[in-house]
Amino acid sequence: MDAVINGHRVSPGGPPAVVLEEQNARRRHLGALAVADPLVLRDCTAEQIQEMLSAATCATRNRIWEKVAVHDRLQALLDALTELQTDDAILQLSLLDSLETGVAYDVERDIYQGSVVHGFPALLRKAAAHLIDENATELNGVHGRIRLTLRPRSPVAIIAPWNAPVPTIGPKLLVALLCGCCVIVKSSEHAPSSIGMFVTTLSRHLPAGVVQLATGGAHVGSQLLASPSIGAVQFTGAASTASKISVAGASALRPLLAECGGSNCAILLDGANVKSAARHVAMGVLMLNGQWCMGISRLLLPRRGHIAEQFLDELRRFMKTSVCFVNAGVSHVRTGEATQAPPLFLLGPLAFAGHAAYLRGRISCLGGRVEEMAIRDLSPDHPLCDPCVMLPTLIHGVDPLHPAATHELFGPIALVHLYDDVSHAVEWANLATGQLACYVFGPNAGLGEASLVSSRIDTGMVMWNGVTFSFELVDNDEPLVEFVGTAGVGRDGNASALISFFTSRQLSGCVAAE
């Protein structure tokens, strides 16, 4: 796994950070892709990190990228994306992420089609229009014209996550570059390959020192962030790590944009369509094998009547008939079911054994009755007893006031709580110190109640009667999202929000003469 330093691919000179055991096993399982040498990720040395910082600082001071016109920056980035939009490139990116995160190849392919092929270019064009409009702003002053100029907060450090690395940080990286920032990306030691391919491709289309890649463990990121030359930080990951990054940058008053997720919940109201709700909740629990920041960790169901029982029966039925386990890196069309209707949902193994062990420890700590739900298995040669495989799991009977009940689970797991009154559901939902999203299911004719409940939830986003990655406006833009509590720091979601983070505003104009 090469780093990218000042426009060149360089072998990291430090010791091994991690042997990618799960990825090596999955590559061997695929047979044709197996190689003799195991994949080992090495740390960048302190000298290599310093070389990156020097190159980024030099490029920033000389404005080699900032002084390039916005439309030329846009074209260079679109040219790089064109190289990544070929069938072979999408296959490779999807396969790399599938092998390292465990997410089914077909799911990864759909995500990359939606992001690299469609979403990223559209975002860049919208962002470019915003930049051109805002940079052209002039105001009338008492003593003359006042001009507003956007200046990049450069260099920027971006710390990538191990779940969906490119789709997650791609928008931030591309907009930062479009704004004229020089960027150093630190890849996750658990999923470095797709980020490596993405940044390496970008670097071929941009001046040396504008975009670079650091590899290795957490201490590599710590060294990068310790530099006073870093102008801003974007981080995606655990709130505990975001807190450390915030403390480290406090003395320099360094801006931080952090997306951390949280203990998101789904609330079922009386009169909801339980069949539809069960299908959407299954998606919320299982998307990316449960390894996504908007995943559902808690189900809040009404105790009275039979709605909770009916909902759980529908959820079990959906899991058994429509959710299929498939090996990482394998398309379901190669499993012998190509002539049948494709399964509605594909579930793969967890990213790595350490995360699986962490989740099993969390389940043990919570106590309660553990229910593993049956699903179909499309991979009989890869047994479900594999340590990285976790079946969809419900945990019943845990006190919603239990301190551990409001922690993010980040796996195909959800706690089930029964409430007597909707006010209890709202109270329990708000016990979490951070929620990125909340999902409310009620009767279509009674969205007024869903709206009332939604207004009382402390979260940045509420979806009614559905689960999806994000809202989409009629012009294909995304609305702005505000992070609440430990779910993150700052705003995210659309081009203007990212531009406001990666740039600062400079006012210049006439004042009264002496």
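Everything in this summary refers to the structure shown in the same document. (Residues numbered from 1 in each chain as written. Predicted model: local features only at pLDDT ≥ 70, side-chain atom pairs only at ≥ 80, totals over all residues. Heavy atoms only, no water.)

**Section: the environment of Leu178**
Condition: Here a strand is any run of E in DSSP of at least two residues, a helix any run of H or I of at least four, and the numbering for each starts at the N terminus. Burial status follows relative accessibility: with a 1.4 Å probe on protein chains alone, a residue under 20% of its type maximum counts as buried, one over 50% as exposed, and anything between as partly exposed. Whether two residues touch is decided by their heavy atoms; if any such pair falls within 4.5 Å, the residues are in contact.
Relative to the helices and strands, Leu178 resides in helix H6 (residues 165-178). Leu178 sits in the buried class, given a relative accessible area of 0%. Taking the C-alpha atoms as reference points, Leu178 and His219, separated by 41 residues in sequence, lie 29 Å from one another. Beyond its immediate stretch of four places on either side in the chain, Leu178 contacts Val70, Arg73, Leu74, Leu77, Leu124, Ala127, Ala128 and Leu131.

**Some thoughts on the pattern of salt bridges**
Rule in force here: Any Lys or Arg side-chain nitrogen found within 4 Å of a carboxyl oxygen on Asp or Glu counts as a salt bridge.
Overall, the coordinates contain 18 salt bridges when judged by the stated rule. Of the charged contacts in the structure, one is a salt bridge between Arg109 and Asp106, with a shortest N-O distance of 3.3 Å. You can see Arg109 and its partner Asp106 sitting in helix H5 (residues 105-135), three residues apart, about one turn around the helix. With relative accessibility at 31%, the residue Arg109 sits in the partly exposed group. Among the charged side chains, a salt-bridge network with shared partners connects Arg63, Glu66 and Arg151.

**Examining the packing of aromatic side chains**
Condition: Each pair of aromatic rings taken from Phe, Tyr and Trp, with Trp reduced to its six-membered ring, is defined by centres within 6.5 Å and is described as stacked if the planes are under 30 degrees apart, edge-to-face if over 60, and tilted in the remaining cases.
Applying the stated criterion to the full structure yields five aromatic pairs. Measuring from centroid to centroid gives 5.2 Å for Trp162 and Phe352, while their planes differ by 80 degrees, and the two rings are edge-to-face. Of this pair, Trp162 sits in the loop between strand S7 (156-159) and H6 while Phe352 sits in the loop between strand S15 (345-347) and helix H12 (353-366), placing them 190 residues apart in sequence. For the pair shown, Trp162 and Phe352 are each scored as buried. Joined through ring pairs, the aromatic side chains of Trp162, Phe352 and Phe410 make up one cluster.

**Some details on the sheet that holds strand S18 (residues 393-396)**
The cut-off we apply is this: Strand pairing is assigned whenever DSSP identifies at least 2 bridges connecting the two strands. Each axis is a line fitted through C-alpha atoms, and for a helix only the stretch in contact is used; angles between axes span 0 to 180 degrees, taken between their N-to-C directions.
What the seven strands build is an open sheet, ordered S16-S18-S19-S13-S12-S20-S21; its pairing is mixed. Of all the strands in the sheet, the pair left with one neighbour each is strand S16 (369-372) and strand S21 (462-464). Put simply, the sheet's adjacent strands are angled 20 degrees from each other on average, direction ignored. As paired elements, S18 and strand S19 (residues 413-419) share four bridges and run parallel to each other. If you follow His396 over to S19, its bridge partner there is Val416. Contacting strand S12 (264-268), strand S13 (296-302), S16, S18 and S19, helix H11 (residues 307-322) runs over the sheet at an angle of about 140 degrees to S13. Contacts from H12 reach S16, S18 and S19 within the one sheet, and its direction differs from that of S19 by about 25 degrees.

**What about the layout of surface pockets?**
Counted only if it meets this: A 1.4 Å probe that fits but cannot get out identifies a cavity on a 1 Å grid over protein atoms alone, an open set with protein on both sides within 12 Å along at least five of seven lines counts as a pocket, and a residue lines either if it has an atom within 4 Å of a point. Grid points are joined across faces, edges and corners, and a volume is the space filled by probe spheres set on the points.
The calculated volume of the second largest pocket comes to roughly 300 Å³. If you trace the second largest pocket, you find 14 residues lining it, with Arg9, Ser193, Gly196, Met197 and Thr200 closest to the centre. For the lining of the second largest pocket, the elements supplying multiple residues, two or more each, are helix H4 (87-101) and helix H7 (193-205). In terms of residue count, H7 provides more of the lining of the second largest pocket than any other element does, six residues in total.

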